[in-house]
Amino acid sequence: MFSADSASETIRLSDDAIGLDAAAELLGAGGLVAFPTETVYGLGADARNDRAVARVFEAKGRPQFNPLIVHLPDLEAARAIAHLNPLAEDLAAAFWPGALTLVVPLRPDAGLSPLVTAGLPTVGIRVPDSPVAQSLLRRFPAPVAAPSANPSGRISPTSAAHVLEGLSGRIEAVLDGGSCAVGLESTIVLPDRDCPRLLRPGGIPHETIERAIGRPLAAGPVVEDHAPGSPGQMSSHYAPRAPLRLEARSARDPEVYLGFAAAPGCDLNLSPAGDLTEAAANLFGYLRRMDALAQGRRIAVSPIPDHGLGRAINDRLRRAAAPRPAG
Ligand code: TXA
Ligand code: MG
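Residues numbered from 1 in each chain as written. Chains lettered and ligands numbered in written order. Predicted model: local features only at pLDDT ≥ 70, side-chain atom pairs only at ≥ 80, totals over all residues. Heavy atoms only, no water.

1. A word on the overall build of the protein chain
Within the protein chain, the regular secondary structure consists of nine helices and 15 strands. Relative to the 2.2 N^0.38 estimate, which gives 20 Å for 327 residues, the radius of gyration of the protein chain is 19 Å and therefore close to what a compact globule would have. Judged by the C-alpha coordinates and their principal axes, the protein chain covers about 55 × 50 × 40 Å. By the burial criterion, 55% of the 327 residues in the protein chain qualify as buried. (Helix = DSSP H or I, 4+ residues; strand = E, 2+ residues; numbered from the N terminus. Rg over C-alpha atoms; globule rule 2.2 N^0.38 Å. Buried < 20%, exposed > 50% of the residue type's maximum accessible area, 1.4 Å probe, protein only.)

In structure tokens, the structure reads:
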């Protein structure tokens, strides 16, 4: 029904019953609909529809080998497409709905497009908490594949306006549910019985997860870095156009300065009170604003404590500062 070059105008849908019905209908027809979650906006497609999923990769300009997270309304829907071992069940009970993604074995009869998992025998699944996401997932009778709704490598969107900045004309609609409360992508965990792993730090601090399961999480591999042949190499991601300098205690001329806690002379402050939850919620929006302000100058960023949500904030900042691919 839709083709990549035919998505001419992206419509903005309201988050009331009319908008939600329209969003579900578009998804059912193979359309691409960006929708808010409590973490970031996702670019949703019917996870059973090969063509719709292929269009997600096209719209984002994303390498095909990177699998997508599947969004479901509840645990029961998750069990229908994946095997959850007792550790996965415990994690789901503790953190769903919420900012946790579990990478678990896919049921062969789940009916998902193989493009969603990039041919892997596992699938990343998540039950989001945001009421708008919940309403959409309950209206739509199938799993929804959704990566963050930004062009590949750029800053993730935390508002409908951010989505339109990056993907206008490339997707059918954006469901406008205002700003995302958490502001960082979900924490991704591989609930291996013998060695549970943190695959990506995110909206739920790893310490909180470790406390809930009573055991430590092993580190990585960091999921966005698994480009074949470059294990462990930091790839540019979540990147503004301007270059970044991290751990900056003050700005050097001609930099612009993104502060945290006490940061005299900063242009914007992620959290003057030094609150990591507030900083996480502001991070992506402020990086966009700093980028607009920078006009080619470098962005200096205050040091951020590396615990709790600070771990995920630092992960995103390091990727944003990583060397850019040539061209
Ligand atoms: O908060 C979030 O997680 C947001 C919202 C929209 O839910 N989504 C998001 O998706 O951040 P995305 O596609 O930008 O990042 C998903 C990450 C990718 O880096 C991918 O490699 C990893 O999840 N992933 C997905 N399925 C996987 C699997 N089966 N094995 C390993 N990694 C997986
Ligand atoms: Mg992403």
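2. Overview of the site of ligand 1
Taken together, 25 residues sit near ligand 1, with Thr39, Asn66, His71, Ser186 and Arg200 positioned nearest. Measuring from a nitrogen atom of ligand 1, one finds a side-chain N or O atom of Thr122 at 3.1 Å. Relative to its unbound accessible area of 680 Å², ligand 1 is 96% covered by the protein chains. Of all the secondary-structure elements, those providing two or more residues to the shell around ligand 1 are strand S4 (69-71) and strand S6 (122-126). Of the residues belonging to the shell around ligand 1, the class tally is 11 nonpolar, nine polar and five charged. (Near = heavy atom within 4 Å. Polar contact = N/O pair within 3.5 Å; in protein donor to acceptor, adjacent residues only side chain to side chain. Areas by Shrake-Rupley, 256 points an atom, 1.4 Å probe, with all protein chains shown as cover. Nonpolar A, V, L, I, M, F, W, Y, C, P; charged D, E, K, R; others polar.)

3. As for unusual backbone geometry
The omega angle of the peptide bond from Trp96 to Pro97 is -10°, so this bond is cis rather than trans. Residue position: Pro97 is located in the loop between helix H4 (86-95) and strand S5 (100-105). Cis peptide bonds are those with omega within 30 degrees of zero, and the linkage from Asp253 to Pro254 qualifies with 0°. If you trace the backbone, Pro254 turns up in the loop between strand S12 (244-245) and strand S13 (256-259). A positive phi angle is found at Ala261, which is not glycine, with a value near 60°. Mapped onto the fold, Ala261 is located in the loop between S13 and strand S14 (268-269).

4. Description of the nonpolar core
By size, the foremost hydrophobic cluster in this structure holds 50 residues, and its most contacted members are Leu43, Leu91, Trp96, Leu100, Leu102, Leu112 and Ile125. Elements with a minimum of two residues in this core: strand S3 (42-46), helix H2 (50-60), helix H3 (75-81), H4, S5, S6, helix H6 (160-167) and helix H7 (206-213). Apart from the residues within four sequence positions on either side, Ile125 is in contact with Ile69, Val70, Leu72, Ala78, Ile81, Ala82, Leu84, Trp96, Leu100, Thr101, Leu102 and Val104. Leu184, Val256, Ala279 and Leu309 belong to the second largest nonpolar core, which has 28 residues in total. (Core = buried A, V, L, I, M, F, W, Y, C linked by side-chain atoms within 4.5 Å. Contact = heavy atoms within 4.5 Å.)

5. Here we look at the environment of Ser148
Checked against the element boundaries, Ser148 lands in the loop between strand S7 (144-145) and H6. Looking at Ser148, the relative accessible area reads 19%, which means it is buried. For the pair Ser148 and Thr37, spaced 111 residues apart in the sequence, the C-alpha separation amounts to 9.8 Å. In contact with Ser148, other than residues within four places in its own chain, are Val40, Tyr41, Gly42, Leu43, Lys60, Ser156 and Pro157. Of the polar contacts made by the side chain of Ser148, one reaches the side chain of Asn150; its length is 2.6 Å.

6. Topic: the sheet that holds S14
Each strand in a sheet pairs with its neighbour through backbone hydrogen bonds, running either in the same direction (parallel) or in the opposite one (antiparallel). The strand order S12-S15-S13-S14 describes an open sheet built from four strands, whose pairing is parallel. For this open sheet the edge positions go to S12 and S14, each flanked by a neighbour on one side alone. Where S13 and strand S15 (residues 299-301) come together, three bridges link them in parallel fashion. By the bridge assignment for S15, Tyr257 is matched with Ala300. Across the face of the sheet, helix H8 (residues 276-294) comes into contact with S12, S13, S14 and S15 while running at roughly 165° to S13. (Pairing = 2+ DSSP bridges. Axes fitted to C-alpha atoms, helices over the stretch in contact; angles between N-to-C directions.)

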